[in-house]
Amino acid sequence: MTAAAGRPRLRLRPGVAVTRLRDGLHLRGRDGSVTLEGSKALPALWELLSERLGQGPDGVTGAEGEASEASEAGYVDPGIGRARLDPADPRVEAALAALTAQLHAHDLLAEYPAAAAEPPAWLGASVHRPARAAAALAAARPVVAAADPGGPLATALIGALGRAGTPPRVYRDTGLPSDRVVAVAGTPPVAVAVVRTDDGGFVTAPAEPERARTDAESIAVRLRPDTGSGSADGGSVPVPGGATAGAPADTTALTALLAGAAAQRLLCSAAGLPDPAGREEDPELLPDRPAVLVAVARPPHASYRPWVTGPADPAAPAPAPVGNLAEALRRIGALADPYLGVLDAPRPGDLPQLPAALAVCGSVAGPLVAGAPRTDLARLSAACRAAELHLGEGLPGPVAVGAGPGHALGRALRRAALAAAGSSGRPGHVLGEEEWREHPQARHWWTVLTRHLELPMEMTVRRFTAERAYLAVVRDPAGRAGTAGVAARAVEATAADAAALAALGAVTRAMAAEHGPAGAVHAAFSGAEAPLAVAGVEPAAWTDEGWTDRWLAGITRREPELCAALARLTGVHPEPWQPGGADPAGRGAAGSAGPPVLAALRACGFTVLAGWGGAR
C-alpha cells in the first residue's frame with residue numbers, strides 16, 4: 001500500500017529492533033521502547049504493518065531470539081497456525097492504525113517526504129522529521145582545519161563527516177597545535193575542537209569558532225597532570241581516568257571515538273538538533289552550561305563533563321538561582337568535577353557520620369573538614385568554605401560564598417556580627433541557662449558535647465544590645481580548643497538556636513580533630529544553610545523542633561528578621577560580584593578575564609560577596 005500523494009511516508013526509525021513474543025511484540029529504539037501484548041493477532045498485524053513502514057518480516061526475531069524465517073507476505077509463522085489477515089477488513093485497518101499510534105507515542109517512527117530521497121540513516125534515528133535536518137546539513141558546508149590534515153585525527157574526522165553525508169573542505173592551519181583539529185559548519189558558523197593526546201582527549205561543546213579554540217586551549221591546560229584539575233589546593237591530580245602520562249596506548253579506537261563525537265556534535269548543532277551530551281538527562285551536567293566529552297585511554301572510557309570555567313560573558317543572562325539543597329549539591333558537583341572542576345569535591349570519605357556528619361575536601365589552606373547535622377549539609381558547608389578560602393587569597397577583607405544571594409548574605413552577616421562582637425564587645429548581658437537549655441536541639445547537642453564526648457566545655461549566651469540577635473560561645477576552660485579557648489561561636493535569631501549551633505560546632509570541631517586529617521581547617525554549620533535544606537520540604541505535622549527538619553524550618557522562618565537585625569548592627573550591605581564590573585579585589589574590570597573560580601561560581605548560580613569593611 002502506498003502513501004497518498006503529498007502525504008509524508010512513515011518509516012520505522014533506523015536501528016529499531018523488533019522481537020516477536022508468543023502473543024505480542026517488543027520494539028526498542030535508541031530513545032524509546034514498547035511491549036505490545038494481549039492479542040494473538042499482533043504478530044500477523046505486524047507483518048502487514050512492516051510492509052507499510054518499509055521493513056519486511058526478515059528483520060523480526062522470534063520468541064527464542066533467533067531470526068524468523070521469511071514467510072509469504074500476509075502470513076504468520078506457519079508453525080503457530082494462524083490464518084492470514086485481510087488488509088481490506090475495516091477491523092484490521094483499525095487495528096493497524098492503533099498499532100501505528102502506539103509506535104508514534106513511543107517515538108519509534110520517522111516521517112519522510114513523499115517522492116523524495118531518504119536522508120542518511122543517522123538522521124532518521126535521531127529526529128522525527130529528518131528531511132528538515134538533512135536540508136540544513138546540505139547547506140552546512142563543513143570546513144576542517146588542522147596543522148596536519150593528513151594526520152590520524154584529522155583523517156578520522158574527515159571520514160566521519162563524509163560518512164554522514166557532509167564531506168568537508170580541508171585546509172592546513174599552522175597556528176593549531178599538532179594534537180588539535182577544529183571543524184566549522186553552518187550559518188552562522190558553529191565550531192567544535194577535538195584534541196587527542198597519549199592519555200586520552202576531548203571534544204569541546206559547539207560554540208562560535210573563536211570560542212571553540214579558546215575553550216580547547218583552556219581545557220587542555222586544565223587536563224594537564226602538572227596543572228591539576230578539580231582541586232582548589234593546587235595539588236597534583238592524576239591524569240584523567242588514571243592513565244599514566246607518557247605510557248604507550250592503542251590510539252586507533254579512541255581516535256575514532258573522538259572524531260565521531262566531534263562530527264556528531266558539529267552536525268547536530270548545524271542542523272538544529274539536540275546536543276548529544278543530553279544535558280537535561282544527565283544529573284552530572286548542568287542544563288544551561290556546556291558539556292565537554294572527555295575520553296581516557298586506560299581504562300577506555302568517555303563521558304560528558306560539565307565545563308563551568310570558561311570566560312564569563314557579560315551579555316549572558318544571569319544563571320537561575322539555586323532553588324533547593326539537591327540543586328545546590330548538583331552544581332557543587334560541577335564545580336568540583338574531577339576532570340574540569342575548580343574545587344575539590346567534598347565527600348564523607350572515612351569520616352564518622354555520628355553523632356554529627358562530617359565532609360572533607362582540599363582547599364588552599366590544606367584539608368578542610370565541615371560538620372553539620374546531615375552529610376548533605378556538611379558537603380554544602382565544605383564547598384562554600386573552600387571557595388571562600390580560595391577567593392580570600394586575592395581579595396581584601398572577608399569573602400562570603402553562597403548558593404544564591406540569600407545564602408551568601410546570611411553567611412556574610414553572621415561573620416560580620418562575630419567580628420564585631422570580638423572587636424567591640426557589643427553583646428549585652430549574659431542570659432541564664434534556662435533561656436536555652438530546654439530547647440530540644442540545644443539540649444541534645446550540649447549533651448552530646450559534654451556527656452557523650454566527655455568534653456568539659458562552658459556555654460555563654462548573650463543578646464546583642466537593641467537587636468533580636470544572640471551570640472553563643474562555647475569555651476574550653478583548659479584552653480585546648482584554640483585561641484582563648486574558644487571551641488565554637490554562633491549568631492542566630494534566638495538564644496536556643498545560637499546555643500544549639502554553637503554546641504554543634506564544638507561537636508564537629510572535636511570530631512574533626514580526632515578523625516580528620518592532621519591540621520585540617522574546620523568549617524562550622526550555621527543557620528544560613530537552613531533555607532536551602534528545607535526548600536520544597538514540608539515537615540510532618542506531628543514533629544517539633546527536636547526533629548532536624550522542623551528545627552531548620554523554624555530557623556528559615558526567622559532568617560529574614562535576623563538578617564535585617566544583623567545588617568543594622570554591623571552596617572554591612574555587600575553587593576554581589578558581577579562579571580564585567582569591578583573586580584572585588586579592586587584590580588579594575590573583572591569580566592571574562594577575572595579569576596576562573598569567580599567565573600565558575602557565577603556560572604553555577606552561586607553568589608560571591610566580598611570587601612565589606614576591610615579585614616575585621
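Criteria and thresholds
Residues numbered from 1 in each chain as written. Predicted model: local features only at pLDDT ≥ 70, side-chain atom pairs only at ≥ 80, totals over all residues. Heavy atoms only, no water. Helix = DSSP H or I, 4+ residues; strand = E, 2+ residues; numbered from the N terminus. Buried < 20%, exposed > 50% of the residue type's maximum accessible area, 1.4 Å probe, protein only. Contact = heavy atoms within 4.5 Å. Areas by Shrake-Rupley, 256 points an atom, 1.4 Å probe, with all protein chains shown as cover. Core = buried A, V, L, I, M, F, W, Y, C linked by side-chain atoms within 4.5 Å. Polar contact = N/O pair within 3.5 Å; in protein donor to acceptor, adjacent residues only side chain to side chain. Salt bridge = Lys/Arg side-chain N within 4 Å of Asp/Glu carboxyl O. Pairing = 2+ DSSP bridges. Axes fitted to C-alpha atoms, helices over the stretch in contact; angles between N-to-C directions. Expected span 1.5 Å × (residues − 1). Phe/Tyr/Trp six-rings, centres within 6.5 Å; stacked < 30°, edge-to-face > 60°. Parallel < 35°, antiparallel > 145°, perpendicular 65-115°, else oblique. Left-handed = near helix turned anticlockwise from the far one by under 90°. Nonpolar A, V, L, I, M, F, W, Y, C, P; charged D, E, K, R; others polar.

> Give a description of the overall build of the chain that names residues and reports values.
What the chain contains, in helices and strands, is 15 helices and 22 strands. The 616 residues of the chain split such that 50% are buried. The long-range share in the chain, meaning contacts at least 24 apart out of those at least 6 apart in sequence, stands at 63%. Per element, the accessible surface of the chain, about 27,100 Å² overall, is 53% carbon and sulfur.

> Talk me through the nonpolar core; I want residue IDs and the actual numbers.
Membership of the largest hydrophobic core comes to 74 residues, with the highest contact counts inside it found for Leu 335, Met 459, Val 474, Leu 552, Leu 601 and Phe 606. At 12 residues, helix H12 (residues 495–515) tops the list of elements feeding residues into this core. If we skip the residues at most four places from it in the chain, Met 459 touches Trp 436, Trp 446, Ala 472, Val 473, Val 474, Ala 499, Ala 502 and Ala 503. Ranked by size, the runner-up nonpolar core spans 39 residues in total, among them Ala 146, Ala 164, Ala 262 and Leu 266.

> Describe in detail the side chain of Thr 543, supporting the description with residues and values.
Position of Thr 543 relative to the elements: it lies in the loop between helix H13 (530–534) and helix H14 (548–570). At a separation of 3.1 Å, a polar atom in the side chain of Thr 543 contacts the side chain of Arg 550.

> How would you summarise the environment of Val 184 if you had to cite specific residues and measurements?
Take Val 184: it is sitting in strand S9 (residues 180–185). Take Val 184: its relative accessible area is 23%, and that puts it in the partly exposed class. Not counting the four nearest positions on each side in its chain, Val 184 is found in contact with Arg 141, Pro 142, Val 143, Pro 189, Val 190, Ala 191, Pro 209 and Leu 266.

> Please give an account of the pattern of salt bridges that cites residues and values.
Close approach of charged atoms lets side chains of opposite charge pair. Counting across every chain of the model gives 20 salt bridges. Two residues, Arg 415 and Glu 388, come together in a salt bridge whose shortest N-O distance is 2.9 Å. Taken together, the positions of Arg 415 in helix H10 (residues 405–424) and Glu 388 in helix H9 (residues 375–392) put the pair 27 residues apart, joining distant regions of the chain. Between Glu 438 and Arg 443 there is a salt bridge whose closest N-O contact spans 3.9 Å. Among the charged side chains, a network of salt bridges with common partners joins Arg 385, Glu 388, Arg 411, Arg 415 and Glu 529.

> Tell me about the sheet that holds strand S15 (residues 368–372), and please be specific about residues and values.
By definition, the strands of a sheet pair up through backbone hydrogen bonds, in either a parallel or an antiparallel sense. In spatial order, the strands read S14-S15-S21; together these three strands make up an open sheet with mixed pairing. Lying at the two open borders of the sheet, with one neighbouring strand each, are strand S14 (357–361) and strand S21 (521–523). Recorded for the sheet is a direction-independent mean angle of 25° between the axes of neighbouring strands. Two elements, S14 and S15, share five bridges in a ladder whose sense is antiparallel. When the bridges of S15 are listed, Leu 358 appears paired with Gly 371. The sheet strands contacting H9 are S14, S15 and S21, and the helix crosses S15 at an angle near 140°.

> I'd like a rundown of H12, residues and numbers included.
With 21 residues, H12 ought to run about 30 Å at 1.5 Å a step, and its terminal C-alpha atoms sit 30 Å apart, in line with that. Along H12, 16 of the 21 residues are buried, which leaves the element largely enclosed by surrounding structure.

> Tell me about the sheet that holds strand S10 (residues 190–196), residues and numbers included.
Spatial strand order, S8-S7-S9-S10-S11-S12-S13: seven strands in an open sheet with mixed pairing. This sheet does not close on itself; its edge strands, each paired only once, are strand S8 (169–172) and strand S13 (301–306). Neighbour to neighbour, the strand axes of the sheet diverge by 20° on average, direction disregarded.

> Residues and numbers for unusual backbone geometry, please.
Omega for the peptide link from Arg 298 to Pro 299 comes to -10°, which places this bond in the cis form. As for its placement among the helices and strands, Pro 299 is situated in the loop between strand S12 (291–296) and S13. The omega torsion across Leu 354 and Pro 355 is 5°, close enough to zero to call that bond cis. With respect to the helices, strands and loops of the structure, Pro 355 is situated in the loop between helix H8 (325–335) and S14. One non-glycine residue with positive phi stands out, namely Arg 141, at about 50°. By secondary structure assignment, the location of Arg 141 is in the loop between helix H4 (130–138) and strand S7 (143–146). Exposure remark for Arg 141: the relative accessible area of 63% places this residue in the exposed category. One non-glycine residue with positive phi stands out, namely Glu 454, at about 55°. As for its position among the elements, Glu 454 is in the loop between helix H11 (440–452) and strand S18 (458–464). Among the residues examined, Glu 454 registers a relative accessible area of 63% and is labelled exposed.

> Lay out the packing of aromatic side chains with the relevant residues and their values.
What the rule picks out here adds up to two aromatic pairs. When the ring of Trp 436 is compared with that of Trp 446, the centres are 6.0 Å apart and the planes differ by 85°; the resulting orientation is edge-to-face. Pair noted here: Trp 436 is in the loop between strand S17 (427–430) and H11 and Trp 446 is in helix H11, with a separation of 10 residues, a long-range link. Relative accessible area serves as the criterion here: at 3%, Trp 436 is assigned to the buried category. Residue Trp 446 is classed as buried on the basis of its relative accessible area, which comes to 8%. Ring plane angle 90° and centroid distance 5.2 Å describe the contact between Trp 542 and Trp 547, whose orientation is recorded as edge-to-face. Look at Trp 542 and you get exposed, because its relative accessible area is 63%. Residue classification places Trp 547 among the partly exposed residues on the basis of a relative accessible area of 47%.

> Which residues make up the packing of H12 against H14, and what values go with them?
Two numbers describe how H12 lies on H14: the axes approach to 11 Å, and their chain directions differ by 125°. Between H12 and H14, the angle falls in the class oblique. The handedness of the crossing between H12 and H14 is left-handed. The segment H12 lies against H14, with Asp 497, Ala 500 and Leu 501 engaging Trp 551, Ile 555 and Arg 558. Class assignment for the residues of the contact of H12 with H14 results in four nonpolar, no polar and two charged.

> Could you give me a rundown of the packing of H8 against H9, with the residues and numbers involved?
Between H8 and H9, the shortest axis-to-axis distance is 10 Å and the interhelical angle comes to 50°. Classified by the interaxial angle, the pair formed by H8 and H9 is oblique. Where H8 crosses over H9, the two elements pack in a sense that is left-handed. Within the contact between the two elements, H8 uses Leu 325, Ala 328, Leu 329 and Ile 332 and H9 uses Asp 376, Leu 377, Arg 379, Leu 380 and Ala 383.

> I'd love a proper account of the pairing of strand S6 (residues 109–112), names of residues and values included.
One face of the sheet, then the other: side chains in a regular strand alternate in exactly this way. With burial as the criterion, each face of S6 is covered, one bearing Leu 109 and Glu 111 and the other bearing Ala 110 and Tyr 112. Strand direction decides the pairing type here: strand S1 (residues 9–12) and S6, joined by four bridges, are antiparallel. By the bridge assignment for S6, Arg 9 is matched with Tyr 112.

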